[in-house]
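Summary of the model geometry
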Amino acid sequence: MEELESKKIIALMSGTSCDSIDAGLCEVMPDLSCRLISGINYKYPEHIRAKIFQLFSGNASVKDVCLMNFAVGRCFADACKALISEFGKPDFISSHGQTIYHYPFDEKIDNISLKSTLQIGESSVIAQETGCTVISNFREADISAGGQGAPLVCFADEKWFKGKNAAVQNIGGIANVTVVSKGHDTFGFDTGPGNMIIDYCMNKFYGKPYDQDGKIALAGNVCESWLDCLMQDEYYYKNPPKTTGREYFTPLYIENALKFAPENPEDIIATVTALTAKTIASAYERFIYPDIDIEEVIIGGGGAYNPAIMKFLRAYLPKHINLKTHEDYGISNNFKEVMAFAVLGYCTYYNIPNNLPACTGAKNRVVLGKVTNC
Ligand SMILES: Nc1ncnc2c1ncn2[C@@H]1O[C@H](COP(=O)(O)OP(=O)(O)O)[C@@H](O)[C@H]1O
Ligand SMILES: [Mg+2]
């Protein structure tokens, strides 16, 4: 077997929030520990971001998908170039891409499964523009192995946090948890919406992309009856492994929910923010505490920067559980997923299986990702 060496990798990630392309130059060691050397949050040009939201809305053509695959690839390449101009070329690039559709349902036509996922940001464009080898398209192999193609970050969480009894909770557009413990195999699942419904409502009622520092939510009051009603959604009751996305929590879904909302927009923001925290806490009660004594919850992703989410989480989680963020472990909340995709890319490079079947539901361990040479 090839001797493993540490590698410098630029990892690229843009999540369902579509707030920025997170690009990080990382050094991954043979033990799969990872050091972030430098990270940037590279904003999409506004017209590209608007077009991606058009793709999300379903109001787009195949032509739009085709054009945007290359345009997003160019944006990802630009994010890389910003790092390369300062630090030089990495050994290779690991790109998650931009998810535009994720369909984890095993629906069949004539016995042909329609389970699928689509991340755009053409790897050949990134390879040609940067002169680097690109590893990309991680989710497809897991789906092909019978999984749901998500969550994939659990693999890195297991490497970094094994030995603790902890829920490692990412709060991006969607929120997902990895449960690491001394006595059980690592498992994980999507708990439900993270910032997605909050961002949607901030845009609708305030014309802003998000609730900066949770100020609006903290100024409002939670409408308990509406929150109870939102908590009834069947997704929260489904057993893991499970994964979700914008295809389920659609604008129409949110608009239907808003029909029963309180009148004051501050109260709406407060309640949907409480929903994120409460769905996390209740998922733990249903699916984690019966088997595992969690001692700490470690939050990451953009939601870690929303004090209202953190306040509600503190209120809903059992008192004996320590609530921390990744920063407490020297890992940036902002670049945690980037670092995880650096580790996933490292494994692809060395042919090391990098999915966790207990998290994705895959039948077996596989090497995720495809390699594009420049
Ligand atoms: N200072 C902040 N205050 C409140 N919310 C924040 C703050 N910073 C980031 N966020 C939230 O985090 C989201 C981005 O989180 P991120 O982890 O990048 O998600 P994704 O992986 O879906 O892109 C933003 O859309 C916003 O809702
Ligand atoms: Mg993001």
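Predicted model only: the values in this text are computed from it and were never measured. (Residues numbered from 1 in each chain as written. Chains lettered and ligands numbered in written order. Predicted model: local features only at pLDDT ≥ 70, side-chain atom pairs only at ≥ 80, totals over all residues. Heavy atoms only, no water.)

Remarks on the packing of aromatic side chains
- By the definition in use, this model includes 18 aromatic pairs.
- Residues Y103 and F105 carry aromatic rings whose centres are separated by 5.0 Å and whose planes lie at 85 degrees to one another, so their mutual orientation is edge-to-face.
- Classification of F105 as partly exposed rests on a relative accessible area of 31%.
- Centroid distance F249 to Y253: 5.0 Å. Interplanar angle 75 degrees. Geometry classified as edge-to-face.
- Site record: aromatic cluster; members linked through ring pairs are Y235, Y236, Y248, F249 and Y253.
- Positioned over the ring face of Y235 is K242, at 4.4 Å from the centre of the ring. (Phe/Tyr/Trp six-rings, centres within 6.5 Å; stacked < 30°, edge-to-face > 60°. Buried < 20%, exposed > 50% of the residue type's maximum accessible area, 1.4 Å probe, protein only. Lys NZ or Arg CZ within 6 Å of the ring centre and 35° of its normal.)

Some thoughts on the domain arrangement of the chain
- What the domain assignment lists for the chain is domain 1 (7-150 + 335-372) and domain 2 (154-320).
- The distance between the C-alpha centroids of domain 1 and domain 2 comes to 23 Å.
- Across the boundary between the two partners, domain 1 contributes 29 residues, which contact 23 residues of domain 2.
- Both faces considered, domain 1 and domain 2 share a buried interface measuring about 2,100 Å² in area, 63% of it formed by carbon and sulfur atoms.
- Where domain 1 meets domain 2, there are 1 salt bridge.
- Put simply, K336 and D157 hold a salt bridge, and the shortest N to O gap is 2.6 Å. (Domains from an automatic or database assignment. Contact = heavy atoms within 4.5 Å. Buried area = accessible area lost by both parts, 1.4 Å probe. Salt bridge = Lys/Arg side-chain N within 4 Å of Asp/Glu carboxyl O.)

Thoughts on the layout of surface pockets
- What the second largest pocket holds in volume is close to 610 Å³.
- Lining the second largest pocket are 23 residues, with F53, F56, Y200, R246 and P251 positioned closest to its centre.
- When contributions to the lining of the second largest pocket are tallied by element, the ones reaching two or more residues are α1 (46-57), β4 (92-103), α6 (196-206) and α9 (251-258).
- Classifying every residue of the lining of the second largest pocket gives 11 nonpolar, 5 polar and 7 charged.
- A domain split of the lining of the second largest pocket shows at least three residues from each of domain 1 (7-150 + 335-372) and domain 2 (154-320). (1 Å grid on protein atoms, 1.4 Å probe; cavity = no way out; pocket = protein on both sides within 12 Å on 5 of 7 lines; lining within 4 Å. Points joined across faces, edges and corners; volume = space filled by probe spheres on them. Helix = DSSP H or I, 4+ residues; strand = E, 2+ residues; numbered from the N terminus. Nonpolar A, V, L, I, M, F, W, Y, C, P; charged D, E, K, R; others polar.)

Describing the nonpolar core
- Of all hydrophobic cores here, the largest spans 49 residues; its most connected members are C201, Y284, I294, V297 and L313.
- Sorting elements by how many residues they give to this core places helix α10 (residues 265-287) first, with 11 residues.
- Counting 39 residues, the second-largest nonpolar core is a separate cluster that includes F138, L152, Y350 and L368. (Core = buried A, V, L, I, M, F, W, Y, C linked by side-chain atoms within 4.5 Å.)

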